[in-house]
Amino acid sequence: MRSSLVRGVLAVAVTAGLAVGCSGGGDGESKGGKSKDGKSDGSQSAPVAEGSGSVGAAGSACELPVTYETATKWEPESVDVAPDEDFAELARQGPVVMRCEISSKAVGKTGFLRTYVEDPKTGADLRKVLELFVAEADGHADEKYTAFKAGSAEAVEVLYTELDPLFEEERTARAFAVATPQGAVVVALGGSDQGDKKDVQAGYELAKSTIRVNG
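What you are looking at is a predicted structure, and each value in this text was computed from that prediction instead of being measured.

## Some points on the nonpolar core
- Membership of the largest hydrophobic core comes to 27 residues, with the highest contact counts inside it found for Tyr68, Leu113 and Ile211.
- At the level of secondary structure, the elements contributing two or more residues to this core comprise strand 2 (66-71), strand 5 (96-103), strand 6 (112-118), strand 7 (141-150), strand 8 (153-163), strand 9 (170-180), strand 10 (183-190) and helix 4 (197-210).
- In terms of residue count, the dominant contributor to this core is helix 4 (five residues).
- Once residues within four sequence positions are removed from consideration, Tyr68 is found in contact with Gly53, Ser54, Val55, Ile102, Leu113, Thr115, Val187, Ala207, Thr210 and Ile211.
- Ranked by size, the runner-up nonpolar core spans 24 residues in total, among them Ala88, Val156, Val158 and Ala173.

Encoded structure:
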């Protein structure tokens, strides 16, 4: 929906912007995750939310190269923006373009799960795609990459720190990329309540644990 995208972009621009599309929590969340060699650094992952729907399949709210479950009450909306539209540059982060945004507003949290699709397909490996994605985040540092499997597909997650443009403080950000025949798909967490493990990070963990490449 073009009008919805414009409304959403303006809202997001006020609460951290699409330029930091995989924004982490703004409530003092400690750094955590995996080290660069994939070993645990001792942090605990967020719980996984209960799913009540999914996106990605034909006929769903967002048709994508992948399918994953969405948390209860989270509201998905397709993003359809042409390259020559006014807000096109805000939908792009590195080599990927946003195609879906899922909001946690209905559960009383400002969280967004955003799905980006590589456009055009470059053939770059998943880590390189994430490196280019992260490179556009303000004050990015301390990137930690971990490989995992999304079903039978290769996937890589990155945790890193960035500068919150609203509060001018460091926060943890997270995103993961999955290889598909159409190119890399990046799923990233955004919004000012990113540090909320119970609802917001749990929605991200649900997507990560259920994502599969469409046949």
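## As for the pairing of strand 2
- With five of six residues buried, strand 2 lies mostly within the body of the structure.
- Strand direction decides the pairing type here: strand 1 (residues 51-55) and strand 2, joined by four bridges, are antiparallel. Residue pairing across strands places Ser54 opposite Glu69, the latter belonging to strand 2.

## Considering the sheet that holds strand 11 (residues 212-213)
- Spatially, the three strands line up as an open sheet ordered 1-2-11, and their pairing is antiparallel. Strands at the two margins of the open sheet, each flanked by one partner only, are strand 1 and strand 11.
- Summarising the sheet, strand 2 and strand 11 pair through two bridges and their orientation is antiparallel. Residue pairing in the sheet places Val66 in a bridge with Val213 of strand 11.
- Its contacts with the sheet put helix 4 on strand 1, strand 2 and strand 11, and the angle it makes with strand 2 is roughly 150°.

## What to know about helix 4
- The principal kink in helix 4, of about 30°, is found at Gly203.
- Among the residues making up helix 4, those that are buried are Val200, Gln201, Ala202, Gly203, Tyr204, Glu205, Leu206, Ala207 and Lys208.
- The residue sitting at the N-terminus of helix 4 and contributing the capping side-chain oxygen is Asp196; that oxygen lies 2.7 Å from the backbone nitrogen of Asp199.

## What about helix 3 (residues 126-134)?
- When helix 3 is considered as a whole, its buried residues turn out to be Leu126, Val129, Leu130, Phe133 and Val134. Down the axis of helix 3, the sector holding all buried residues measures 130°, keeping them to one side.
- Two or three places before Arg127, at the opening of helix 3, Asp125 has a side-chain oxygen 3.3 Å from that residue's backbone nitrogen.

## Observations concerning the environment of Ala88
- Here Ala88 shows up in helix 2 (residues 88-91).
- Once the C-alpha coordinates of Ala88 and Met98 are considered, the two residues, 10 residues apart in sequence, prove to be 9.5 Å apart.

## Focus on the confidence of the model for the protein
- Confidence along the protein averages 81 in pLDDT terms, with 79% of residues attaining 70 or more.
- Low pLDDT, under 50, characterises residues 1-43; the predicted model gives this stretch 117 contacts beyond four residues in sequence or across chains.

## Notes on the environment of Glu157
- Structurally, Glu157 is set in strand 8.
- For Glu157, a relative accessible area of 8% corresponds to the buried category.
- For the pair Glu157 and Ala175, spaced 18 residues apart in sequence, the C-alpha to C-alpha distance is 5.8 Å.
- The residues contacting Glu157, other than those within four sequence positions of it, are Leu130, Lys144, Tyr145, Thr146, Phe148, Ala175, Phe176, Tyr204 and Lys208.

Here is what the cut-offs are and how they apply
Residues numbered from 1 in each chain as written. Predicted model: local features only at pLDDT ≥ 70, side-chain atom pairs only at ≥ 80, totals over all residues. Heavy atoms only, no water. Core = buried A, V, L, I, M, F, W, Y, C linked by side-chain atoms within 4.5 Å. Buried < 20%, exposed > 50% of the residue type's maximum accessible area, 1.4 Å probe, protein only. Helix = DSSP H or I, 4+ residues; strand = E, 2+ residues; numbered from the N terminus. Contact = heavy atoms within 4.5 Å. Pairing = 2+ DSSP bridges. Axes fitted to C-alpha atoms, helices over the stretch in contact; angles between N-to-C directions. Bend = angle between axes of the 7 residues up to and from the residue. Polar contact = N/O pair within 3.5 Å; in protein donor to acceptor, adjacent residues only side chain to side chain. Arc of directions from axis to C-beta. pLDDT = per-residue confidence, 0-100.

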